[in-house]
Amino acid sequence: MYGLVSEKTRKEVTSKGSGGMEVILSSLENAQDLQTTLNILAILNELICVCLGGGRRTGVFVSKGGTAILLQMLVSSSKNPPANEELMLHIHTLLVKVGPKDRKFGVKSRLNGALNVTLNLVKHNLQNHKLLLPCLQVLRVYSSNLVNAVSLGKSGALEIMFEIIGPFSKKSTTLMKYVVLTSITAVLCVCSSGMNARRAVDRGYLPTLLSIYQDWHRHDTRHRHVVIRKSILACIKNLTNIKLGRKAFIDANGMRILYNTSTSDENEATEVDTENETEYEDDETGHKTQLHRPIIIPTTPSSLGAQNRRPLREDLLTPKPDESPLELDSISISKRPEGTADHDLVCSLGRLVVDAGVNGGSVDGLQDEGGEQAVLEVPDTAALLPLHDPDLYLEMVKSTRSVPAYTEVAYPDYFGHVALNLREPILERVYGVQRTKIFQDIERLIHSSDILDKVVYDLDNQRSVFIDNGESLKFNSKFESGNLRKAIQVRKFEYDLILNSDINSNHYHQWFYFEVSNMRPGVRYRFNIINCEKSNSQFNYGMQVLMYSVQDAINGSPHWVRTGSDICYYKNHFSRSSIAAGGQKGKSYFTLTFTVTFQHKDDVCYFAYHYPYTYSMLKMHLQKLSALRTAQIYYRQDDLCETLGGNSCPLLTITAMPESSSNDHISQFRSRPVVFLSARVHPGETNSSWVMKGTLEFLMSCSPQAQSLRESYIFKIIPMLNPDGVINGNHRCSLSGEDLNRQWQSPNAELHPTIYHAKSLLQYLRATGRTPLVFCDYHGHSRKKNVFMYGCSIKETVWQTNANTSTCDLQEDLGYRTLPKLLSQMAPVFSLSSCSFVVERSKEATARVVVWREIGVQRSYTMESTLCGCDQGKYKGLQIGTSELEEMGAQFCLALLRLRRYTSPLELQNHNSHLLDTENDLIDTRGIPNITSPTTYVLEEDEPAFLEEVDYSAESNDENDPDLEPDLQDNLALLDPSSDSEFSRQDSVN
């Protein structure tokens, strides 16, 4: 048939301005005899044949009304039975090609009455496979419209399909098997309607599908019909999307059937694994089958308002009757050079307990069970941790206010963490581990009698007495930054763990930090965190959890170490409530599973998502840093504001003291540009605090580079923007239950005090002519490797969104690229190729974008640090540690020092930057479109953001004000925006 129309004729008929298609369709409508009609249909079939590049020609056919003509011809031909078989074959073959290209095909077919015509043809031609196949294919296209699917179901389509679908037969021809496959996919489309799914379940088709699947699986030993088997499974999945279907599936022993067929031949199965997904993908690509009734994970009620922020009950403060609290003030400290530890002492000291007078009250002595004063063996880490002091840490804890009023202190926070000298490689994923873990989960449902289902820890039910036979692990998370809500022992050495949501929120389950004790050495324990929310994780790409062993610490190794084997992250069968899923139904939780073998008997171990860094630790570090101040360093710490929880938010000012009170030195002192840094707006991103720690230590050091840096800039630093979230173990939100990094456009002084006052400070700096030269907000990234930056660029946003605006008309300096380029040359963990300068609409309320747009800071960045490790540079293939993070903080300072060399004096006075020609060696304008990260694109449906030029007209030049007295103390006061005089002016700005 494919010789009727030449390629030249095909092009001419469908070329722009040609009336060829109209002529053919008109001839088809007016044809009087059957043969002429068949000839024209044959020509059309060849003309829009997909294999001959007919995609565009199909569009022309649809636009000229061809679909309606075919449907009308189909209906009219059926009115005079028997319908001509060849005619029906041609019409349905054309409809199969045309239907997917016509967006209104479903409506047109229903209005013309074509649904029942095709369905009747199928009913009367069950043995005529040649005609049956295109009819089934058209039914499948019909059913893509939900209304059509319901209508076909009412007309008996399911019953007809199940007459066609049958068991495996060696006598089946290829055509017959293709008919079966098409029937199955048609059923799949029809059953996309919940009504049809219920109809199929009521008629007992689910057990039928299971039997058919078993038969095909058993006979398809050479795997030639995998597509048919997968299609049957897809039908079963559609039926189990409804509650009735899940019950029927369980009643038909479906779990065991599918489990047995999946495990009968390990060689035939390929791993269903998120390793095949894109590593940085943000969106879910599909749902695993929900095999039984959804289990709703309890979450913190969202109704808790600002006036009632106590999601954890006060009975958390009540010690268990058999516990003897360990008091802090009278701890006797000694060193054990032999490196040995008393096991009983380790057990008793795994949990340090502060008296209920934690907020300024008294504390009593530390006693063991016999009432005698215990001696705590403290590792000598003073030389390695100059900024850590256990006694000082306890003092800081006493003034920290938490929602549950924590009375305990975690051992790792008390004694500190010494970075490992050895690098920890990214874990190589063992092929098949996820498949094995999922099968083990399924076995719980098949062999339910083997499951213990024993609750061993529950924050929601503290008054209950958990039966302890000495065989179960003990858990605890009632300390600062702790997060574990519930622990359930499912097998002898396996535990399901449930995390707390952020306070006053129903979601954000990711950060965890908890204690484990009563373990056996040499035993493989499996832990499953079963209410994770993100659709993918770096745990699938080599990241490990962190563990801190008390006994190792006492023996001289106070380290957080990467640990765990058989680590994977996958979707589970637990359903999220519509409230927790933001109103969406059908969303599933994900499981993080890892296996740990403990090395010591009677040890106490801590597990964390990333290296913990508490608010009390920050206060301790800042107090130790202030002691490093010299006569050359100006260091001031103020309270930016008080948080909702009653904690202070520190604000630091660091620069160099002027050499003297001479006019020249005072002038230089006053003209220094401002660098504004912040971190830890998201509590779970603890790596940002370690980077900030490296920055602060460098700034307060006595090195010549640090002194030069202090002489070059005035640093305004907010090291922890969300203290309440950090204290209470949140992952992303503050006590208001909101993401503070989405509140910068219109922060509320009562609900978002730290953001409100930070923005007010920036507005004040701008109003007084001190607009920061650089703004950088430190963050952590859970799905990418390396350290990288997000910046703001009008041109790159326009390029990425394909906006119809000439980029030649946009005036923009490339100064925003200098700092990332410098970091890529200096910092081993920094990746320029991962940086992005696109402004997405979803990020318009973030600090980076608001400071760029409203404050006018061209170099406004978010610096993201990986939680996993690096895939390039010096640390390629290694997991990141605190030493690398602190190094990154120091390298950021050195990059700022080099930035000063590449910045003109004019730019330092007027931040509408124009770089010198010396910067050309750093910036290659030709490469701009190519280094934008593909993971930070602007969605095509989004409107292009910020097509206007940045307005710097409100900025004032940083020139000396002759009205100011050149008194040294007065000029030092200018560095303090929290002084009374400046706050009074700040109020007028707002």
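What you are looking at is a predicted structure, and each value in this text was computed from that prediction instead of being measured. (Residues numbered from 1 in each chain as written. Predicted model: local features only at pLDDT ≥ 70, side-chain atom pairs only at ≥ 80, totals over all residues. Heavy atoms only, no water.)

### A word on unusual backbone geometry
Even without being a glycine, Ala405 presents a positive backbone phi close to 55 degrees. Positive phi, close to 70 degrees, is recorded for Tyr508, a residue that is not glycine. If you trace the backbone, Tyr508 turns up in the loop between strand 8 (494-498) and strand 9 (513-517). Classification of Tyr508 as partly exposed rests on a relative accessible area of 26%. (Helix = DSSP H or I, 4+ residues; strand = E, 2+ residues; numbered from the N terminus. Buried < 20%, exposed > 50% of the residue type's maximum accessible area, 1.4 Å probe, protein only.)

### A look at the state of the cysteines
Taken as a whole and assessed by the stated rule, the structure comprises 0 disulfides. Residue Cys641 stays outside any disulfide, its sulfur separated by 5.1 Å from that of Cys649, the closest cysteine. Among the residues examined, Cys641 registers a relative accessible area of 10% and is labelled buried. (Disulfide = S-S within 2.5 Å.)

### Digging into the packing of aromatic side chains
Both the distance between ring centres and the angle between the ring planes are used here to describe each pair of aromatic rings. All chains considered together, the criterion is met by 35 aromatic pairs. The interplanar angle of 10 degrees and the centroid separation of 4.0 Å between the aromatic rings of Phe162 and Tyr205 together place this pair among those described as stacked. With Phe162 in helix 11 (residues 157-164) and Tyr205 in helix 14 (residues 205-219), the pair connects residues that are 43 residues apart, well separated along the chain. According to the relative accessible area criterion, Phe162 is buried, its value standing at 13%. In textbook terms, an aromatic cluster arises when at least three aromatic residues are bridged by ring pairs, as seen for Phe475, Phe493, Tyr495, Phe512, Phe514, Tyr525, Phe527, Phe539, Phe594, Phe598, Phe607 and Tyr609. Between the NZ or CZ atom of Lys784 and the centre of the ring of Phe788, over which it lies, the distance is 4.4 Å. (Phe/Tyr/Trp six-rings, centres within 6.5 Å; stacked < 30°, edge-to-face > 60°. Lys NZ or Arg CZ within 6 Å of the ring centre and 35° of its normal.)

### Section: the sheet that holds strand 9
Note: strands within a sheet are paired through backbone hydrogen bonds, in either parallel or antiparallel orientation. Within the open sheet, the 5 strands sit side by side as 6-9-15-11-12. Their pairing is antiparallel. Each having just a single partner strand, strand 6 (474-476) and strand 12 (560-563) make up the two edges of the open sheet. Across the sheet, the axes of successive neighbouring strands diverge by a mean angle of 30 degrees, strand direction being ignored. (Pairing = 2+ DSSP bridges. Axes fitted to C-alpha atoms, helices over the stretch in contact; angles between N-to-C directions.)

### Brief notes about the UniProt feature "active site" (unreviewed entry) in the protein chain
Look at the UniProt record and you will see "active site" (unreviewed entry) annotated at Glu864. In this structure, Glu864 sits in strand 22 (residues 859-866). Residue contacts for Glu864: discarding those within four places in its chain leaves His779, Gly780, His781, Asn786, Val787, Phe788 and Tyr790. (UniProt positions renumbered as here; feature names shortened; annotations may be inferred. Contact = heavy atoms within 4.5 Å.)

### So, the pattern of salt bridges
Inspection of the entire model under this criterion finds 25 salt bridges. With its nearest N and O atoms 3.5 Å apart, the salt bridge here joins Arg526 to Glu494. Here Arg526 is found in strand 10 (residues 524-532), whereas its partner Glu494 is found in strand 8, with 32 residues between them in sequence. Judged by its relative accessible area of 5%, Arg526 falls in the buried class. In this structure Glu494 comes out as buried when scored by relative accessible area, which is 5%. Between Asp566 and Arg524 there is a salt bridge, with its nearest N and O atoms 2.8 Å apart. Within this pair, whereas Asp566 is found in strand 13 (residues 565-575), its partner Arg524 is found in strand 10, the two being separated by 42 residues in sequence. In this structure Asp566 comes out as partly exposed when scored by relative accessible area, which is 25%. Given a relative accessible area of 47%, Arg524 falls into the partly exposed group. (Salt bridge = Lys/Arg side-chain N within 4 Å of Asp/Glu carboxyl O.)

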